Amino acid sequence: IAGVGAAFVNSALVILISIGILYVSKDPLNGYTLVEIGLMAGFSLFGKNIVNIWPIIAGTWLYSRVVKEPFSKHASISLLATSLAPVVSYISLDNGWGSPLLGVLVGLAVGFVLPPLSGYTYKIQNGMNLYNMGFACGLLAMMLVPLMNSMGAQMETAHHWATGYNLPFGIMMAVLCSVLIIAGLFFCGRPPWAAWAGYRRLLLSAGRAPSDYLRMFGSAPVLINMGVDGLLGTILILITGGDLNGPTLGGIFTIIGFSAFGKHARNILPVMGGVVLGGYFMKGGIN
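Residues numbered from 1 in each chain as written. Predicted model: local features only at pLDDT ≥ 70, side-chain atom pairs only at ≥ 80, totals over all residues. Heavy atoms only, no water.

Q: Can you walk me through the overall build of the chain in this structure?
A: Along its length, the chain carries 13 helices and 0 strands. Listing every helix and strand of the chain by position from the N terminus yields α-α-α-α-α-α-α-α-α-α-α-α-α. For a compact globule of 287 residues, the expected C-alpha radius of gyration is about 19 Å, and the chain comes in at 20 Å, within 12% of that figure. Taken along the three principal axes of its C-alpha coordinates, the chain extends 60 × 55 × 40 Å. (Helix = DSSP H or I, 4+ residues; strand = E, 2+ residues; numbered from the N terminus. Rg over C-alpha atoms; globule rule 2.2 N^0.38 Å.)

Q: Mind showing me how you'd approach the nonpolar core here?
A: Side chains of nonpolar character tend, in soluble globular proteins, to be buried together. With 37 residues, the main nonpolar core has I56, L84, V110, L114, M133 and L140 as its most contacted residues. If you list the elements that add at least two residues to this core, you get α1 (4-24), α2 (31-43), α3 (54-66), α4 (75-80), α5 (85-93), α6 (100-125) and α7 (132-150). Leaving out residues up to four positions away in the same chain, L140 has contacts with L84, V110, L114 and L117. Among the nonpolar cores identified, the runner-up in size contains 19 residues, and L45, Y213, F217 and L249 belong to it. (Core = buried A, V, L, I, M, F, W, Y, C linked by side-chain atoms within 4.5 Å. Buried < 20%, exposed > 50% of the residue type's maximum accessible area, 1.4 Å probe, protein only. Contact = heavy atoms within 4.5 Å.)

Q: Just to check I follow, could you spell out the packing of helix α8 (residues 166-186) against helix α11 (residues 219-239) for this structure?
A: The geometry of a pair of packed helices is captured by two quantities: the angle between their axes and the separation between those axes. At their nearest, the axes of α8 and α11 sit 7 Å apart, and the two run at 160° to each other. In terms of their interaxial angle, α8 and α11 are classed as roughly antiparallel. Handedness of the α8/α11 crossing: left-handed. Together, N166, M173, A174, C177, L180, I181, A183, G184 and L185 of α8 and A220, L223, I224, M226, G227, V228, G230, L231, T234 and L238 of α11 make up the contact between the two elements. For the contact of α8 with α11, the per-class residue count stands at 14 nonpolar, 5 polar and no charged. (Axes fitted to C-alpha atoms, helices over the stretch in contact; angles between N-to-C directions. Parallel < 35°, antiparallel > 145°, perpendicular 65-115°, else oblique. Left-handed = near helix turned anticlockwise from the far one by under 90°. Nonpolar A, V, L, I, M, F, W, Y, C, P; charged D, E, K, R; others polar.)

Q: Just to check I follow, could you spell out unusual backbone geometry for this structure?
A: Most of the time, phi is negative for any residue but glycine, and the peptide bond is trans. Within the chain, K26 stands out as a residue other than glycine whose phi angle is a positive 60°. Inspection of the secondary structure puts K26 in the loop between α1 and α2. K26 gets classed as exposed once you look at its relative accessible area, which sits at 70%.

Q: Would you take a moment to explain the pattern of salt bridges for this structure?
A: Two side chains with opposite charge may pair up if their charged atoms get near one another. In the structure shown here, the tally under the stated rule is 2 salt bridges. Two residues, D212 and R215, come together in a salt bridge whose shortest N-O distance is 3.6 Å. Of the residues examined, D212 reaches a relative accessible area of 12% and is grouped as buried. Among the residues examined, R215 registers a relative accessible area of 61% and is labelled exposed. (Salt bridge = Lys/Arg side-chain N within 4 Å of Asp/Glu carboxyl O.)

Q: Teacher, can you tell me more about the packing of aromatic side chains here?
A: The geometry of an aromatic ring pair is captured by two quantities: the separation of the ring centres and the angle between the planes. Per the stated rule, a full pass over the model turns up 8 aromatic pairs. Taking the centre distance of 5.7 Å and the plane angle of 75° together, the rings of F8 and F169 count as edge-to-face. Taken together, the residues F8 in helix α1 and F169 in helix α8 connect sequence positions 161 residues apart. Between Y63 and F112, the aromatic rings sit 5.4 Å apart at their centres with planes inclined by 85°, giving edge-to-face as the arrangement. With Y63 in helix α3 and F112 in helix α6, the pair connects residues that are 49 residues apart, well separated along the chain. In this structure Y63 comes out as buried when scored by relative accessible area, which is 15%. (Phe/Tyr/Trp six-rings, centres within 6.5 Å; stacked < 30°, edge-to-face > 60°.)

Q: Can you walk me through the environment of G3 in this structure?
A: Structurally, the position occupied by G3 is in the segment before α1. Spatially, the C-alpha atom of G3 lies 37 Å from that of T121, the residues being 118 residues apart in sequence.

Q: Help me understand α7 in this model?
A: Owing to its 3.6 residues per turn, the α-helix brings residues three or four apart onto one side. Relative to the 27 Å expected for 19 residues at 1.5 Å per residue, α7 spans 28 Å between its end C-alpha atoms, a close match to the ideal helical length. In this fold, the buried residues of α7 make contact with α2, α4, α5 and α6. With its phi angle positive at about 105°, G152 sits one or two positions after the end of α7. (Expected span 1.5 Å × (residues − 1).)

Q: Looking at this structure, how should I read a nonpolar patch on the surface?
A: A cluster of nonpolar side chains, contributed by V9, L13, L16, I50 and V51, occupies part of the molecular surface with about 450 Å² of accessible area. Along the polypeptide, L13 turns up in helix α1. (Patch = residues over 30% accessible without salt bridge, like charges linked within 9 Å, V, L, I, M, F, W, Y side chains within 5 Å. Areas by Shrake-Rupley, 256 points an atom, 1.4 Å probe, with all protein chains shown as cover.)

Q: Would you take a moment to explain helix α12 (residues 246-258) for this structure?
A: With 13 residues, α12 extends 18 Å from end C-alpha to end C-alpha; this agrees with the ideal 18 Å at 1.5 Å per step. Most of α12 sits out of view: 11 of its 13 residues are buried. Listed in full, the buried residues belonging to α12 are G246, T248, L249, G250, I252, F253, T254, I255, I256, G257 and F258.

Q: In this structure, what is going on with the packing of α1 against α2? I would like to understand it.
A: In the contact formed by α1 and α2, the axes pass within 8 Å of each other and the chain directions differ by 155°. As summarised for this structure, α1 and α2 are arranged roughly antiparallel, according to the angle between their axes. Read as a crossing pair, α1 and α2 show a hand that is right-handed. Residues S11, V14, I15, S18, I19 and L22 of α1 touch α2, and the partners they reach there are T33, E36, I37, M40 and A41. Residue classes in the contact of α1 with α2 are distributed as 7 nonpolar, 3 polar and 1 charged.

Listed below in structure tokens is the structure:
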């Protein structure tokens, strides 16, 4: 939509905003904060921007004031709740329906509702779904879309899919993931053999939430895991003939982030393989 440069500038600014919010709110660094940074980095390549995230973050801040709890307790939720940031933009900017004021008010409501809703959805899936906030946001979106339709919104599916960037983005991801692996092996204050041994122990974990790998295994195995998983995600896209673009890079950054909180090669490869197999049979059935 806006080009590579604008997308990466937006992603960088959103990352800086996210780190600033975590720092100011004094939310301690752990595996989950790495998840948040990975998600904010990835989704700001498709959907989030430095404008539409603020009403939702403000709504969660308002919730913390109402329940008289420190914002640090809900800062993580405020960032993850911005997965519904496109709702703010749609209501604010859609021609003939909605308004900027209504978009801001809906964003405030979304941020206010999601902290208690995410607590409920966690009880439903009992830690088996690492994307608990995604589950909560999905439930809320299923209520918002019919409501907006009933109010006259004419929503159409948008499909903007960039192609032709596999070589530069493939090199970029290979360099980034290699840096993560090298940092884990040689720059975390542990001998390479110890870092690798920690990574092998990490591969034996179930990954059920909450599994804060940073606290469980330390920074060295986590960095190695992030690099390996990022490479696996990139390779999967390339060998299956996919395109590296905003949505797919966003998915890879999501994998990298959750590699500090539950994901590793042994529990993601079977799922990836199942999706590839399912896609193969579906394609064969269509033909």
